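Reading the structure
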Amino acid sequence: MRVIICLVVCVTLVIFVAPVGGRRVRKRCKPLAFKDTTSLCDKEPNGEGWYRDGTVCMLDCREGCVKKTGGRRRVCKVRGRSKWWTGGRGLQCFCRPCASAPPAVPNTSGPQDCTSPYTAGATCIYECSPGYVKIGGDDSKLCSDGQWRGADLMCEPEPDVDGSWVTWGSWASCDVTCGGGVKTRTRTCTNPEPSGGGADCVGDTEQTRDCNDFPCPDCMRICALGTLNDACDACTCDGHELTGHVMDTRRVPLSDADIFYAEKPNDPVASTDTMGNFRLSGACAQGVEIIARTRGYFDARATSSQQDETTSTVQVEMAAEVPPIIDQHPQSKKRIAGQDVTFCCAAHGNPPISSYEWFKDGLVLDEAVYSYNDTLTLTGLTVDDSGVYRCRANSDAGAKYSEEATLAVEEDSMSSCAAEPEENFISLPDDCIQEDTNSTGYDIGACGGDDCVGDLGEDDKACVDTMRFCCVPTSTETRTVQCSGYSLNVTVTTECGCGSCVKTSTKRIQGRAYGLNRTDNASTEIPLKYGPVIKDGQVVDITSETGIFEFTIETTASKIALTFRDNFKKLVTSTRVLSLTGSDTLDFDVVLKLRPPPVTLMSSQNNVIDLGTVEGEEPLAELDIPADSLFTADGEMFTGEVKASVSFIDPRNPEDFELIQGELTAVDVEGREETMETFGMFNMDFETETGDSLELGGNISVHIDPSQTNIDLTDVDENGILGTKLWLLNQDTGLWQEAGSLRVGTATRRRKRSTFVIGEFLYVADSPCNFDRVEPYSRRCFAEIRAYDSLSNLYRSKSTGIGTGAVRNADVALVTTSNRGRFSRLNSLSVYRRGRTNYKGAVCLETLCEPTGNDFSARINVVKYNTHLLAALYPGFDANLQNSIEIKDDGKTLSFDVFKPSHTNGPIYTYFDWWDCYYRSTVSDNHFAFVDNTYRPYVFPPYFFNQNQYSQPITVTSWYPNETDLKSVCFIKVFVKFEFADTTAVRVTSKGGGVYEANTGVTYGIREDRTTTNPTDPTSGFVCVEFKCPGPILESVSPRQPQNTSPPYPGANDSTRITITARKSICTADPGSGSITTEGINNSLLDNVADVVRDGNMNEFTVPNGNSFGRDQGIYIATGSGDTGYRRALDYCRTGSNSGRIGRLPFDYEQYYAVRFNCGNVSPPVTQGTWILEDSEPL
């Protein structure tokens, strides 16, 4: 019965789908057909043009026609055998032709491509006439509803544009295969093409070079040894054999190197095996010259040595190609019209530099016109010669641009320096409130210190100007200001002019290198002990036991690459690029990655090493180390156990961000620096069980897991090669050089077949390797950051447009992270940049950007003297950027989404507007602002350790009587004891001591600082405060030559009367007596000073000139130009030492002080809450 039912059902189904009347029933709507209309449907029709149920079509009148009646929307409905379009009778359009011809438009050719009759929809084309360019309007007009529609094309005469050369193209092939020929390279005058009445390029369009200068085959040749081969191009010796070995400068074998006879340099005769060996049969044992050639190395030649009658050997050492490295950059200069100028450039590389090119404002200058080489000299300058100049060094290994140098040509010397001083408000002591302003602010004027034009004489064509001229005070006056119970003399600048000023290209580089061992609760510092600091392959310093380094260099460069090596192998060898802007003395904290524990490998086996530092996540990549690929220092293959240490900087791990090496910058074939987005970076080193280093030879392979990175797998070229590539760091330059390509492929890893990003490359020991993608210029932007010494000065600067309270030489870090792909939640690292604020407190750092702000975020930190400045907001940013800004970490970090801007008023600038960020922006433009909320020592009159300060005129009341190596700096150490944990400020006032009679009682200056609390006894502390050293009295011979000084009379000098005041009135000079002090003053000091006065919280005495002082008296003295003497004297005072290396010793809190105060019998201080900077203060 069940079978019968089934059959009935089946028959019923057949009947249901069978065609009716022998025809197939359409379940679709027929095509729409309305005259003079177009349609757009949300579903595709079938092959016959019929639409399925539910299709929505929108009708519109064709171009040039207008709606008459009917609806635009039609919907296909199918119900059983019925189907129809909803929407009424459909759209009807009226198409009225144009009765008249299209109008003529001035300065155009047209109308074109249209003839009468002019039907609706007819389009007529217009073009600017020859010699004219488009400035607006439309290129066509449309006949629509009987009228010609479209704005008139607007054309104006083409401007006169001078032509300029593009850079030289690549060298073409040699025109002969032997016998000596030439190869050529060409350039065109298309950068830009000359237009209007502009001049054509001057110079040659073609250059030639000799090539293939070896003999051609000669069948008449007589061989001195052996017989001529059948090709008549070489002499061979039957039965003879040459064995050879090719290695690099590390003595590591080079595989796959091609071998040539020197007389046949284009025809390879052998190649090396995996051990770098090769054999040549028929090479005469008496000696032949061969050439070794392989990618990435400079061609090497060697002549074989005879072993016996039929055999010979040869060993070839190949040096890696080194693209040009700039050693000397051109220097920015100012000139008066009619003077001359010379820019100089020097570079080295392997092979050597073949040529130099010079550019002005980005356009190459013609060598035939300017007759340049590594120097460019311009004579009889005019204002039109002003611009930005730079050189490019070229070799067969690549090219490299120098840094830019600005030439400013003024009509005359008067125009280069304004006579009217700028506003320059200083802060008087807090008890010197002025009645007219009810504040301690006082305008003393300033001349800016900008470079101006002076007379260099015959030295105007030197590479580096022998003298520097800048805007200096040419007239000053002394004013007396009243304070609480005393008065101060203030020197006010009343006129500015151009004068000689301090010029130096010497940079003092100092700082500390260390690693951080991070735990759950704290970080422990591990100093780089006695580690070499390397520049250009040479050791320039050895760090101290605490990781301190210090050295000086002569350079005009804006940055330097240093490599830090740990001989104790606790820290990873690291190369850092450090900014040299902002000051002549630069401090750096260099944080190095901890060296991971080594793993044991067998050299005879293939080994796999994981790369990844994110706990709980899969490795980002794996490295395959091939068997038998490790070699000893003498080039022998090593066999046995190997200790491998592999460190990885993981872009997924925020703790790794500050540890990146280099600057994530490469150089393209044109010599331009390019920014790269990183996807991971690693170091490897290998050693034997006894600690001997091993070198890795041959190619290693890498397999990157695309699910763990943000690598764009669709970014491939026509050969399937990814835009992301493998790079090795050049430790001399801090730039990355391409080492290998990557591709997408499948492989079996961990017993699972998956898709990977795969590549191979030759690793060089200690050289970090990087997975990076060069970012296009369209995604490169700059962010401007400014640092201020207070929130009030930020708001004052914004409201007045005059920069006030700039913090110079602050260390700024900008981290750009990617918000795309698998690890957007972790904000994986893309770009890391660091820089120093300049004399205006500003710095521009590169980031990545795009219009929506979705792809990249960035965060900024600013640090000065190991103290974080705090972010501050003010209104005026674009809404999207403003809404994305977050201030984190108690104000220390400012983060934002990086929107590509469409304007040039900051704080983000496109790559093509970098000049606006670096040179044109002012405090009025938008910028990311950070302010210093920490206590800073008070200095009156203000003094800054920079070239502008050193160029100020010296007077008989100047704090420092000279700015040479003989500049003396003095500090006094004060000890304070409290009843409870507390601090106090200590003020030291320096006055004329009476030896130089005119200065008797005149205040040289005031210094004030706060005590540093003893960490083991919070009820005590000390402070080191500077006072004016007794000594010579000097003054500038002329305001325009402030460094040229002399005494007012022979031997003029002065003692110093100093007053030491504890600013808390409860403090008193320690009344007790003992072996160290008597009534609060050091006993040894009492024997060397005069006229001692003690009064409550004040001690006063005269420090004579000529007496010997040191730590036993609590007086610390050092000499040195710039801030060298200051830093040394302060360090000696803090550590209680008389000499030694800065930063080497810990602070001494309880000994070697001059004065002791007791601040007991006072209530415990009220604990203050943390002040969080907000953006609520109005402009």
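Anyway, here's the lowdown on the structure attached to this text.

Parameters at a glance
- Residues numbered from 1 in each chain as written.
- Predicted model: local features only at pLDDT ≥ 70, side-chain atom pairs only at ≥ 80, totals over all residues.
- Heavy atoms only, no water.
- Helix = DSSP H or I, 4+ residues; strand = E, 2+ residues; numbered from the N terminus.
- Buried < 20%, exposed > 50% of the residue type's maximum accessible area, 1.4 Å probe, protein only.
- Contact = heavy atoms within 4.5 Å.
- Areas by Shrake-Rupley, 256 points an atom, 1.4 Å probe, with all protein chains shown as cover.
- Lys, Arg positive; Asp, Glu negative; His and termini not counted.
- Charge placed at Lys NZ, Arg CZ, Asp CG, Glu CD.
- Pairing = 2+ DSSP bridges.
- Axes fitted to C-alpha atoms, helices over the stretch in contact; angles between N-to-C directions.
- 1 Å grid on protein atoms, 1.4 Å probe; cavity = no way out; pocket = protein on both sides within 12 Å on 5 of 7 lines; lining within 4 Å.
- Points joined across faces, edges and corners; volume = space filled by probe spheres on them.
- Nonpolar A, V, L, I, M, F, W, Y, C, P; charged D, E, K, R; others polar.
- Phe/Tyr/Trp six-rings, centres within 6.5 Å; stacked < 30°, edge-to-face > 60°.
- Expected span 1.5 Å × (residues − 1).
- Disulfide = S-S within 2.5 Å.

**Describing the overall build of the protein**
The helix and strand inventory of the protein stands at 8 helices and 90 strands. Referenced to the eigenvectors of the C-alpha coordinate spread, the extents of the protein come out at roughly 130 × 100 × 90 Å. Within the protein, buried positions represent 48% of all 1179 residues. Put simply, of all contacts in the protein between residues at least 6 apart along the chain, 65% involve residues at least 24 apart. For the protein, the computed accessible surface area is about 55,400 Å², with 48% contributed by carbon and sulfur atoms. Taken as two groups, the 112 positive and 160 negative side-chain charges of the protein have centres that lie 11 Å from each other.

**Things to note about the sheet that holds strand E87 (residues 1090–1095)**
Backbone-to-backbone hydrogen bonds pair the strands of a sheet. The strands run either parallel or antiparallel. Strand order across the open sheet formed by 6 strands is E73-E76-E75-E83-E88-E87, with antiparallel pairing between neighbours. A single partner strand is all that each edge strand has here, and the edge strands are strand E73 (938–940) and E87. Direction aside, neighbouring strands of the sheet carry axes that sit 10° apart on average. Note: strand E83 (residues 1056–1062) against strand E88 (residues 1098–1103), 6 bridges, orientation antiparallel. Looking at E88, one finds that Thr 1059 is bridged to Glu 1100.

**A look at the sheet that holds strand E44 (residues 538–542)**
The 4 strands lie next to each other as E44-E43-E46-E47, forming an open sheet whose pairing is antiparallel. A single partner strand is all that each edge strand has here, and the edge strands are E44 and strand E47 (574–579). Taken over all neighbouring pairs, the strand axes of this sheet differ in orientation by 35° on average, direction set aside. Inspection of the sheet shows strand E46 (residues 559–564) paired to E47 by 6 bridges, in the antiparallel sense. The residue bridging Ile 560 from the neighbouring strand is Leu 578, located in E47.

**Notes on empty space enclosed by the protein**
The final tally for this structure, using the stated rule, is 5 cavities of 30 Å³ or more. Quantified by volume, the largest cavity comes out at close to 220 Å³. Around the largest cavity, the lining is made up of 17 residues, and of these Arg 576, Val 577, Leu 578, Tyr 832 and Arg 834 lie nearest the centre. If one sorts the elements of the lining of the largest cavity by residue count, strand E64 (residues 828–836) sits on top with 5 residues. A per-class count over the lining of the largest cavity returns 6 nonpolar, 3 polar and 8 charged. Lining the second largest cavity are 10 residues, and of these Val 572, Thr 573, Ser 647, Asn 683 and Asp 685 lie nearest its centre. Residues of the lining of the second largest cavity, tallied by class, amount to 3 nonpolar, 4 polar and 3 charged.

**Points about the packing of aromatic side chains**
According to the stated counting rule, one finds 31 aromatic pairs in the structure shown. Centroid distance Tyr 777 to Phe 912: 6.4 Å. Interplanar angle 50°. Geometry classified as tilted. One end of the pair, Tyr 777, is in the loop between strand E61 (769–774) and strand E62 (780–788); the other, Phe 912, is in the loop between strand E71 (908–910) and helix H5 (914–920), and 135 residues separate them in sequence. Taking the relative accessible area as the measure of exposure, Tyr 777 reaches 22% and is therefore partly exposed.

**Structural notes on helix H8 (residues 1124–1135)**
Because each turn of an α-helix spans 3.6 residues, side chains separated by three or four positions end up pointing in the same direction. For H8, spanning 12 residues, the distance from its first C-alpha to its last is 17 Å, which sits close to the expected 16 Å at 1.5 Å a residue. Residues of H8 that are buried sit in contact with strand E41 (506–518), strand E74 (968–978), strand E78 (1017–1027) and strand E89 (1115–1119). One or two steps after H8, the chain reaches Gly 1136, where phi turns positive at roughly 65°.

**Notes on unusual backbone geometry**
Note the cis peptide between Ser 116 and Pro 117, where omega equals 0°. Mapped onto the elements, Pro 117 comes out in the loop between strand E9 (108–112) and strand E10 (123–128). Omega for the bond connecting Asn 350 with Pro 351 falls within 30 degrees of zero, at 5°, which places this linkage in the cis form. Mapped onto the elements of the fold, Pro 351 is located in the loop between strand E30 (346–350) and strand E31 (355–360). One non-glycine residue, Asp 113, lies in the positive phi region at around 60°.

**As for the state of the cysteines**
Inspection of every chain in the model, using the stated rule, returns 25 disulfides. The residue that forms a disulfide with Cys 237 is Cys 284, at a sulfur-sulfur distance of 1.9 Å. Between Cys 237 and Cys 284, the S-S dihedral sits near 90°, and the bridge is therefore right-handed. Placement of Cys 237 in the loop between strand E18 (235–236) and strand E19 (241–248) and of Cys 284 in the loop between strand E22 (277–281) and strand E23 (289–293) is noted, with a sequence separation of 47 residues between them. For the pair Cys 237 and Cys 284, a shared accessibility class is recorded, and that class is buried.

These results come straight from atomic positions and should not be treated as a statement about function.
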